[in-house]
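Secondary and tertiary structure notes
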Amino acid sequence: MGNLNFLSGTCRTYLLLTFLILLFGCDEREDKVSRNSNSAKKPGRQESISFMYAKRINIEEKNSGYQVDVFSDKDTMTYRLLPKEQLGGKPDGNIIGIPVDRFACLSSTHVGMLSALDQRQLIKGVSGFDHVYDKEVKSGVSKGDIAELAIHGKVNVERVLEQGPDILMSNGLSSLDPAKKRLLNQAGIPVILNMDWKENHPLGKAEWVKFIGLLTGKFQQARSLFQKTRQAYNELSNKVVSKGRPMVICNLNRKGSWFVPGGNSYMARFLEDAGADYPWKENKQTGGLKTSLEDVYQKGLNADYWLNPGRASSLAEIAAKDDRLTKIAAFQNGKVYNNTKRMREEGGNDYWESGVVRPDLHLADLVKILHPEVLPKHRLIYYEKLE
Amino acid sequence: MKASRFNIGSKGLLFTFLLCLLMVALFLADIALGSVKIPLGEVVSILSGEEGEGKAWETIIWNIRFPKAITALLAGIGLSLGGLQMQTLFRNPLAGPSVLGITAGGSLGVALITLTSGSALGMIGMAGGGIFGSWGAVLASVIGSASVLLIVLAVSLKVRDNVTLLIIGLMVGNITISMVSIWQYFSHPEKIQDYLLWTFGNLGGVTGVQLPVLGGVVMVAVLLSFTLSGGLNGMLLGEDHARSLGFNVARVRVLVIIFTSLMAGAVTAFCGPIGFVGVAVPHLARMTYNTADHFILIPATCLLGGTLMLGCDVVANWPGSESTLPISAVTALIGSPVVIWVILRRRSKGAFS
């Protein structure tokens, strides 16, 4: 009997410990945007560069330059932009001389925006040859004028220092820890955080081109580019308001999980504006939502259209990956489209470059797929139908 | 030796009967649970062939949950029986089906195609993955397991001592683990995540033609293992003693290795690495049936193994919608206390003491 009591006590402790550890380890809640983003909207400041859709950036004129606030989930990064002549000595980590002559950038959207402003020649560094779509930039890398700054996805500080850009623009995901940032700052290379990827409205993402324009001295071009884009986007979106809404599902399952766009994400916004019915539109998440094959069966077995099934380039590939996917109505009717039409073999995809600056074109593709009669003459740019 | 072969007594019979009931109950529970809530009544009616409310539920139950429950059974049986044979062969209570490096070899194969794409080695792997779809990983795992196994078998022919064989298996396993670490170090985060997901184990990924293949391999190996019962009993006496009684020790050893590899290799190839069940269940069988006789232990281990794996899968699905626990973690959480309990209450009849 004594044995049994001992075991029960140990059992209980073990179970308690296990559940405690599971409890604290399983928190998957999305980080909330910091309170700073709201405090930035107080009235009374001088607002010369306003953002209508982008929520994670704020720019105001200050003295002879600009103050730029970028809001990540954890805190606010503040940069001072000053005309180059006024810099005097080495710039510190957060002071940037404009216009920038040598631009190093780590993300496809940065390349896309610089290309849209016709400023490819400023690019002196990218993350890797394989990740770029733009032909000129790729040839720049091949020739050696543009350096590859990341190895296996991690930024290599030595390469950045060797290339000597005026700034390094990062999206916060390239493992640039504070130590590396300090090294770069000490060498006179400010590291700028770009949060366009976390904007949950397609126009919000595109609006960051204004920041790129400011940095490169092409602000007027950037502003008028965005005006045109916004106008085209909204006009198109209004055209489909009265149409019926086909059901659309996105992405692909991977080892038991299926990450779909959250109801509050930019993709869900695209679908809404393109006149689609999205099964998860009530969901509040701004990023990916973790569901399962079962959930997608439950909500989307009868989906009319299926977009972006991972890296599949044919229906046969989808069937080979998991034959249960063939039961989805969109698959059986051959209405599966992937955003791989403008994609290089090594992996660079224009969907993430020009596609981000021109959400009106992306929207046109979606409308063409879902409501072809609205845009009879449009030919798909980023999406292709899988056969 | 032929005296009390299948005699497990009336208590044993009752226990076995209850265990079968439990297995059926857990099988039902495994099908009833999942991220989509389907009422139990609907589950039963769909299983008995009637049309469910709405096509989605029928499709979910027959195409997702039923294959998963069968896979759980097969995995539980295969891994546990493999563990039993390894424990007897090496007369080591901590041995499991992965002890000869089969799981490590499988990991090596899958890591090869997942982590190294882009290099010359990886190109071979990528081709396999793209054309063959989900079979790519399965084949990689099988080839990896088989390669490691061939090395171990080759050594086993030269080595008379089982302990040496065990150590060699472990060391070869370590080499594969370190190779995988190096590949991981040089890989993109995305690829590391892909590989990591595989290592969590997944009972729900065996689809279409794969299920009959897994079922066929495991069941054939299980049936053939039954014929080894006498030989395994002999091994318990110690190799020299068994040899003096007329058992062909070398033959038993090779067959045990082959059958275990088939079962553990197949399960690992289709489901990823799943640990602890193979180590824990044979002990449970020995303790509950109070015997070391393999004629009883083999069926008992199969029954207990299938039931336990179903139980683990039910636990893994318990959190409900949108989050299931990885099966490997659940089996470790449940299997480890069992192993500890075993060590604290070493009363396993006749074995290893």
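Residues numbered from 1 in each chain as written. Chains lettered and ligands numbered in written order. Predicted model: local features only at pLDDT ≥ 70, side-chain atom pairs only at ≥ 80, totals over all residues. Heavy atoms only, no water.

What follows is about the overall build of chain B. The helix and strand tally for chain B stands at 15 helices and zero strands. By residue count, 53% of the 353 residues in chain B fall in the buried class. Here chain B displays about 15400 Å² of accessible surface, and carbon together with sulfur accounts for 71% of that area. (Helix = DSSP H or I, 4+ residues; strand = E, 2+ residues; numbered from the N terminus. Buried < 20%, exposed > 50% of the residue type's maximum accessible area, 1.4 Å probe, protein only. Areas by Shrake-Rupley, 256 points an atom, 1.4 Å probe, with all protein chains shown as cover.)

Residue and element names in this part refer to chain B. At a minimum axis separation of 9 Å, helix 6 (residues 135–158) and helix 12 (residues 249–271) run at an interaxial angle of 160 degrees. Classified by the interaxial angle, the pair formed by helix 6 and helix 12 is roughly antiparallel. The hand of the helix 6/helix 12 crossing is right-handed. Contacts from W135, V138, S141, V142, S145, L149, L153 and S156 in helix 6 reach R253, I257, S261, G265, T268, A269 and F270 in helix 12. Counted by class, the contact of helix 6 with helix 12 contains eight nonpolar, six polar and one charged residues. (Axes fitted to C-alpha atoms, helices over the stretch in contact; angles between N-to-C directions. Parallel < 35°, antiparallel > 145°, perpendicular 65-115°, else oblique. Left-handed = near helix turned anticlockwise from the far one by under 90°. Contact = heavy atoms within 4.5 Å. Nonpolar A, V, L, I, M, F, W, Y, C, P; charged D, E, K, R; others polar.)

Turning our eyes to something else, we now look at the interface of chain B and chain A. Of the residues lining the interface, 37 residues belong to chain B; the matching set on chain A comes to 30 residues. Together chain B and chain A conceal approximately 2900 Å² of surface at their shared face, both sides included; 55% is due to carbon and sulfur atoms. The partner of B:R65 in a salt bridge is A:E294, and the shortest N-O contact between them spans 2.8 Å. Linking chain B with chain A are six residue pairs in polar contact (both at pLDDT 80 or more), by the criterion used here. Residue assignment for the side of chain B that touches chain A shows that the elements contributing at least two residues are helix 3 (55–90), helix 5 (120–132), helix 8 (189–199) and helix 15 (327–344) of chain B. The dominant element in the side of chain B that touches chain A, judged by the number of residues it contributes, is helix 3 of chain B, at eight residues. A class-by-class count of the residues in the side of chain B that touches chain A yields 15 nonpolar, 16 polar and six charged. (Buried area = accessible area lost by both parts, 1.4 Å probe. Salt bridge = Lys/Arg side-chain N within 4 Å of Asp/Glu carboxyl O. Polar contact = N/O pair within 3.5 Å; in protein donor to acceptor, adjacent residues only side chain to side chain.)

It is worth spelling out unusual backbone geometry at this point. Residues and elements named next belong to chain A. Cis geometry marks the peptide bond from I98 to P99; its omega dihedral reads 0 degrees. With respect to the helices and strands, the residue P99 is situated in the loop between strand 4 (95–98) and strand 5 (103–105). The phi dihedral of N308 is positive, around 55 degrees, even though this residue is not glycine. With respect to the secondary-structure elements, N308 resides in the loop between strand 16 (305–307) and helix 12 (315–321).

What follows deals with the pairing of strand 10 (residues 167–170) of chain A. Residue and element names in this part refer to chain A. The alternating pattern of strand 10 places I167 and M169 on one face and L168 and S170 on the opposite face, and all of these are buried. Both strand 5 and strand 10 contribute to a ladder of three bridges, which runs parallel. Looking at strand 10, one finds that C105 is bridged to M169. The pairing of strand 10 with strand 11 (residues 191–193) spans three bridges and is parallel. When the sheet's bridge partners are listed, L168 is paired in strand 11 with V191. (Pairing = 2+ DSSP bridges.)

We now examine the sheet that holds strand 15 (residues 288–291) of chain A. Residues and elements named next belong to chain A. Ordered by their spatial adjacency, three strands build an open sheet running 13-14-15, and the pairing between neighbours is antiparallel. Strands at the two margins of the open sheet, each flanked by one partner only, are strand 13 (253–254) and strand 15. Two strands pair when backbone bridges link them, and strand 14 (residues 257–261) and strand 15 are joined in this way by four bridges, in the antiparallel orientation. In the sheet register, F259 faces strand 15, and the bridge partner there is K290.

So, about the packing of aromatic side chains. Taken as a whole and judged by the stated rule, the model has 16 aromatic pairs over all chains. Judged by centre distance (6.1 Å) and plane angle (70 degrees), the ring pair of A:W208 and A:F211 falls under edge-to-face. Residue class for A:W208 comes out buried when judged on its relative accessible area of 0%. One aromatic cluster is present, built from ring pairs that chain together A:Y351, A:W352, A:Y382 and A:Y383. The ring centre of B:Y185 lies 5.9 Å from the NZ or CZ of A:K154, which sits over that ring. (Phe/Tyr/Trp six-rings, centres within 6.5 Å; stacked < 30°, edge-to-face > 60°. Lys NZ or Arg CZ within 6 Å of the ring centre and 35° of its normal.)

Take the confidence of the model for chain A next. All names here are of chain A. Put simply, chain A has an average pLDDT of 86, and 87% of its residues get 70 or more. With pLDDT under 50 throughout, residues 1–7 is counted as low confidence; its partners more than four residues away or in other chains account for four contacts. Residue range residues 25–47 is modelled with pLDDT below 50. Its contacts to residues more than four positions away, or to other chains, number 23 contacts. (pLDDT = per-residue confidence, 0-100.)

Here is the key point about a regular strand: its side chains alternate between the two faces of the sheet. Residues and elements named next belong to chain A. Here strand 1 (residues 57–62) runs beside strand 2 (residues 65–71); their pairing, made up of six bridges, is antiparallel. Paired with E61 across the bridge in strand 2 is Y66. Turn length for the strand 1-strand 2 hairpin, with the two strands adjacent in sequence and antiparallel, is two residues, and the turn residue N63 shows positive phi of about 50 degrees.

Between its terminal C-alpha atoms helix 12 of chain B stretches 32 Å, which fits the 33 Å expected from 23 residues at 1.5 Å a residue. Note on helix 12 of chain B: the residue one or two positions beyond its end, B:G272, has a positive phi of about 80 degrees. (Expected span 1.5 Å × (residues − 1).)

In this section: the sheet that holds strand 11 of chain A. All names here are of chain A. Spatial strand order, 7-6-5-10-11: five strands in an open sheet with parallel pairing. Two strands bound the open sheet, and with one partner strand each, they are strand 7 (147–148) and strand 11. Looking at chain direction, strand 6 (residues 123–126) and strand 7 are connected through two bridges and run parallel. By the bridge assignment, G125 is partnered in strand 7 with A147. Contacts between helix 8 (residues 209–216) and the sheet are confined to strand 5, strand 10 and strand 11, with strand 10 contributing the most and set at about 175 degrees to the helix.

All names here are of chain A. Summed over the entire model, instances satisfying the criterion amount to 19 salt bridges over all chains. In this structure, the salt-bridge partner of E346 is K138, at a minimum N-O distance of 2.9 Å. Here K138 lies in helix 4 (residues 135–143) and E346 lies in the loop between strand 17 (336–338) and helix 14 (354–357), a separation of 208 residues in the sequence. Classification of E346 by relative accessible area gives partly exposed; the value is 39%. With relative accessibility at 8%, the residue K138 sits in the buried group. If you follow the salt bridges from partner to partner, you end up with R56, D73 and K198 in one network.

Moving on, we come to the packing of helix 6 of chain B against helix 7 (residues 162–185) of chain B. Residues and elements named next belong to chain B. Closest axis-to-axis distance for the helix 6/helix 7 pair is 10 Å, and the angle between their directions is 155 degrees. One element, helix 6, and the other, helix 7, form an angle in the roughly antiparallel class. In the crossing of helix 6 with helix 7, the sense of the turn from one axis to the other is right-handed. Contacts from V148, V152, V155 and S156 of helix 6 reach helix 7 at L165, I168, G169, V172 and T176.

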